[in-house]
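Understanding the architecture of this molecule
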Amino acid sequence: MLKINKKEEPEFFSKFKKKEKPKNWGDFDFRLKNKLKEYMLENEQKIGKEKYCPYCELKILLENSQIEHLKPKDKFPELFSNYENFIVGCVDKKTCGQAKGNKWDRLFINPVMENPQEYFSYRLRTGEIIPKIDDGLEYKKAIKTIEILNLNERKLCDYRKVYINQIINISKDLKEEEKIGIIKYFDEFPTLKEFLIENIEILK
């Protein structure tokens, strides 16, 4: 999961709300939602040249993404137009926003309010995302968030394993600084990439 550093609400969105006084999410038309997605992807979810789903960290485009309400709008109707409650997520049917639906739990890690990297680590052999801490509140929050977003869905774990194995195979017998150079060349899974760089000694 990626930390999202929200910018100020864009002026075009503020003006629309002030003028139209929307009562629910359906009052925002397709063009406005697309403009919002474009703004968030470009200004909040771009790393280097690529844009990412904050939940699964797969690359996304304007065309294959959706606006995700971090706190579901049916459970928190007062937040339906709150810009701080928006991110742009992928549209995979088995993970992320689609898996989350209208589920909510106080243990859910909000990537706008918290840094997910403080909660998660990786199991290289399986490609699974796992809790960074073995017990306590941090552990419970990591487990609940993985469950809600289905972050260890088989296909997603397979993608991570392919990525990890590619790096291991390419960097075999190289010096540490050369391995880091190889990892930096890849642009998939930004926090997994950082994890591998920070734990370079585990890449034998």
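Our structure is the block above this text.
To keep things clear, this report deals only with the structure shown in the data block. (Residues numbered from 1 in each chain as written. Predicted model: local features only at pLDDT ≥ 70, side-chain atom pairs only at ≥ 80, totals over all residues. Heavy atoms only, no water.)

1. What to know about the environment of N165
Residue position: N165 is located in helix α5 (residues 154–171). Through-space distance from the C-alpha of N165 to that of L36 is 37 Å; in sequence the pair is 129 residues apart. (Helix = DSSP H or I, 4+ residues; strand = E, 2+ residues; numbered from the N terminus.)

2. Quick look at the side chain of Q45
Turning to its location among the elements, Q45 is positioned in the loop between α2 (30–43) and β1 (46–47). Note on Q45: relative accessible area 3%, which makes it buried. In terms of polar contacts, Q45 uses its side chain to reach the backbone carbonyl oxygen of V88, at 2.7 Å. Beyond its immediate stretch of four places on either side in the chain, Q45 contacts I4, M40, E50, K51, Y52, P54, I60, I87 and V88. (Buried < 20%, exposed > 50% of the residue type's maximum accessible area, 1.4 Å probe, protein only. Polar contact = N/O pair within 3.5 Å; in protein donor to acceptor, adjacent residues only side chain to side chain. Contact = heavy atoms within 4.5 Å.)

3. Notes on the pattern of salt bridges
Inspection of every chain in the model, using the stated rule, returns 13 salt bridges. The shortest N-O distance in the salt bridge between K51 and E42 comes to 3.4 Å. Its salt-bridge partner being K144, residue E147 comes within 3.4 Å of it at the nearest N-O pair. Taken together, the positions of E147 and K144, both in helix α4 (residues 136–149) and 3 residues apart, correspond to about one turn of that helix. With a relative accessible area of 22%, K144 lands in the partly exposed category. Through salt bridges with shared partners, one network takes in E42, K46 and K51. (Salt bridge = Lys/Arg side-chain N within 4 Å of Asp/Glu carboxyl O.)

4. Let's talk about the packing of α5 against helix α7 (residues 190–198)
The description of two helices packed together rests on the angle between their axes and the distance between the axes. Between α5 and α7, the shortest axis-to-axis distance is 12 Å and the interhelical angle comes to 35°. Here the hand of the crossing between α5 and α7 comes out right-handed. Here α5 contributes R160, Y163, I164 and I167 to the contact with α7, which in turn contributes L192, K193 and L196. Across the contact of α5 with α7, the residue classes break down as 5 nonpolar, no polar and 2 charged. (Axes fitted to C-alpha atoms, helices over the stretch in contact; angles between N-to-C directions. Left-handed = near helix turned anticlockwise from the far one by under 90°. Nonpolar A, V, L, I, M, F, W, Y, C, P; charged D, E, K, R; others polar.)

5. Details of the nonpolar core
By size, the foremost hydrophobic cluster in this structure holds 48 residues, and its most contacted members are Y55, L192 and L196. Excluding residues that lie within four positions of it along the chain, L192 makes contacts with E57, Y122, L124, R160, Y163 and I164. (Core = buried A, V, L, I, M, F, W, Y, C linked by side-chain atoms within 4.5 Å.)

6. Observations regarding the packing of aromatic side chains
If you walk through the whole model with that rule in mind, you get 16 aromatic pairs. Considering the side-chain rings of Y55 and F108, the 6.2 Å spacing of their centres and the 80° angle between planes classify their relative orientation as edge-to-face. One end of the pair, Y55, is in the loop between β2 (50–51) and β3 (65–69); the other, F108, is in the loop between α3 (96–100) and β5 (120–123), with 53 residues separating them in the sequence. Taken as a pair, Y55 and F108 share a single burial class, namely buried. Note on Y185 and F186: the rings are 6.2 Å apart at their centroids and 85° apart in plane angle, and the pair reads as edge-to-face. Positioned above the aromatic ring of F76, the side-chain terminus of K71 is 5.2 Å from the ring centre. In this arrangement the basic side chain of K100 is found over the ring face of F108, its NZ or CZ atom lying 5.7 Å from the centre. (Phe/Tyr/Trp six-rings, centres within 6.5 Å; stacked < 30°, edge-to-face > 60°. Lys NZ or Arg CZ within 6 Å of the ring centre and 35° of its normal.)

7. Details of the pairing of strand β6 (residues 128–131)
As paired elements, β5 and β6 share 4 bridges and run antiparallel to each other. Note on β6: the bridge partner recorded for R123 is E128. Where β5 hands over to β6, the hairpin turn is made up of 4 residues, of which G127 adopts a positive phi near 80°. (Pairing = 2+ DSSP bridges.)

These values are about where atoms sit, not about what they do.
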